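Summary of the model geometry
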Amino acid sequence: MKLVIQIPCLNEAENLPATLGDLPRSVEGFDEVEWLIIDDGSRDRTGEVAATHGADHVVRFSTNRGLAAAFSAGLQEAVRRGADVVVNTDADNQYCADDIVKLTAPVLRREADIVVGDRQVKSLRSFSGTKRWLQVWGSTAVRRLSGTQVRDAPSGFRAFSRFAAVRLNVFTSYTYTLETLIQAGQLGLKVVSVPVRVNPSRRRSRLMRNNAHYVLMSVLTMGRVVLIYRPLRILLGFGGVLLLAATALGLRFLWYYVTGEGSGKVQSLILASILAAIGFQTCVLGVLADLISVNRRLLDRLRVELAPAASGDASVRGLGSSEPTERRGSAVELEAAALEPADR
């Protein structure tokens, strides 16, 4: 059994020695533990520091592609190197590395596909009251959208079974934390939370410039992901509202026309026609988007099914509560281009 601990990094040469110094080289339930650093186009010596402080593998981007891209590339590289379980943690040593064993335990027991470390935000004195409230609100929204019971949605301290790591596909560029949970719920992956400890903060968050920026980007991310996975429900709903408004305006004009007062109400008829056209087009767009969504899910399923055959690996369906088979082998060969800069 192999565990790969991955750390996405951007200009973390100062913090990496302490972070790597706390990482375990042995974890209960695993025969091998490897460290993987994803250098997201750092301008300092992040890659060199990682290599000199014990990192087994370093993936370097020539330009900064964002946290979500670095996280996604890390999952692919970890799977390619034969990981049965992947743990993601932050480069600033925010999370207590001793709790990695708590993260991986539910995966090893086949009780979860994804385990999220719960920082128990409500009791974190290092967070301002506003930030605590926003974190709690965000987690509640993600629970409703994803159908999971995760208690700390923005937490980056997570464990993934190999099965989950292969299936997740990050589309957004801002952060992976919210998207992967909503995606996991849509894919039927089991997500659980475990309480974890945090270390004193070493620097300010680079994702959260301020509260307004955090809220805006989080809402946009959740909206985009939900639209990707539930286009028919959202677009049909919006189109239906427009059609109802058009119908109401049309009936209004018809009433005045029948009573002989329609000559001054032609504006209602024009607006009704515009709303009806937009509503109909929105509904058609929802149907087309749903067909595309179904096609994407079929392609994702095909990608997962063909990965073992392409590489002679039967381990994609290894650890995980969704499909608990016992097959394992060599690493899945993912496309090399997945680790190269590309439009997302």
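Our subject is the structure that appears above.
As the structure is a computational prediction, the values presented were derived from the model and not from experiment. Positions within a chain are numbered from 1, following the residues in the order the chain's sequence is written. Given that the model is predicted, a residue must reach a pLDDT of at least 70 before its local features are reported, and side-chain atom pairs must reach 80 or more before they are shown or counted; all residues, however, enter totals for whole chains, interfaces and linings. Processing note: side-chain calculations cover all non-hydrogen atoms of the structure and skip hydrogens and water entirely.

Some details on unusual backbone geometry
Although it is not a glycine, N11 adopts a positive phi angle of roughly 55°. Secondary structure counts use DSSP, requiring at least four H or I residues in a row for a helix and at least two E residues in a row for a strand, with both numbered from the N terminus. Along the chain, N11 turns up in the loop between β1 (2-9) and α1 (16-22). The phi torsion at R110 lies on the positive side, around 60°, for a residue other than glycine. The topology assignment puts R110 in the loop between α4 (100-108) and β5 (114-118).

Describing the packing of aromatic side chains
When two rings of Phe, Tyr or Trp (its six-membered ring) have centres within 6.5 Å they constitute a pair, described as stacked for plane angles under 30 degrees, edge-to-face for angles over 60, and tilted for the intermediate range. The final tally for this structure, using the stated rule, is four aromatic pairs. Ring centres 3.9 Å apart and planes at 10° place the aromatic pair F71 and Y176 in the stacked group. Here Y176 lies in the loop between α6 (162-167) and α7 (177-187) and F71 lies in helix α3 (residues 67-80), a separation of 105 residues in the sequence. Throughout this description, buried means an accessible area under 20% of the type-specific maximum (1.4 Å probe, protein chains only), exposed means over 50%, and partly exposed covers the range between. Taking relative accessible area as the criterion, F71 reaches 0% and is therefore assigned buried. An angle of 25° between the planes, with centres 6.0 Å apart, marks the rings of F253 and Y257 as stacked. With F253 and Y257 both in helix α9 (residues 231-258) and four residues apart, the pair spans about one turn of that helix. For F253, a relative accessible area of 14% corresponds to the buried category. Lysine NZ or arginine CZ positioned within 6 Å of the ring centre and within 35 degrees of the ring normal marks a charge as sitting over the ring. Against the face of W35 rests R25, its NZ or CZ located 3.7 Å from the ring centre. Between the NZ or CZ atom of R65 and the centre of the ring of F61, over which it lies, the distance is 4.4 Å.

Considerations on empty space enclosed by the protein
Lining residues are those with an atom within 4 Å of a point, where the points come from a 1 Å grid over the protein atoms alone and group into cavities, where a 1.4 Å probe fits but cannot get out, or pockets, open sets with protein on both sides within 12 Å along at least five of seven lines. Grid points are joined across faces, edges and corners, and a volume is the space filled by probe spheres set on the points. In total, this model carries one cavity of 30 Å³ or more according to the counting rule given. Put simply, the largest cavity is a space of about 40 Å³. The residue inventory of the lining of the largest cavity, partitioned by class, reads five nonpolar, three polar and no charged. Gly is placed with the polar residues, together with every amino acid not listed as nonpolar (Ala, Val, Leu, Ile, Met, Phe, Trp, Tyr, Cys and Pro) or charged (Asp, Glu, Lys and Arg).

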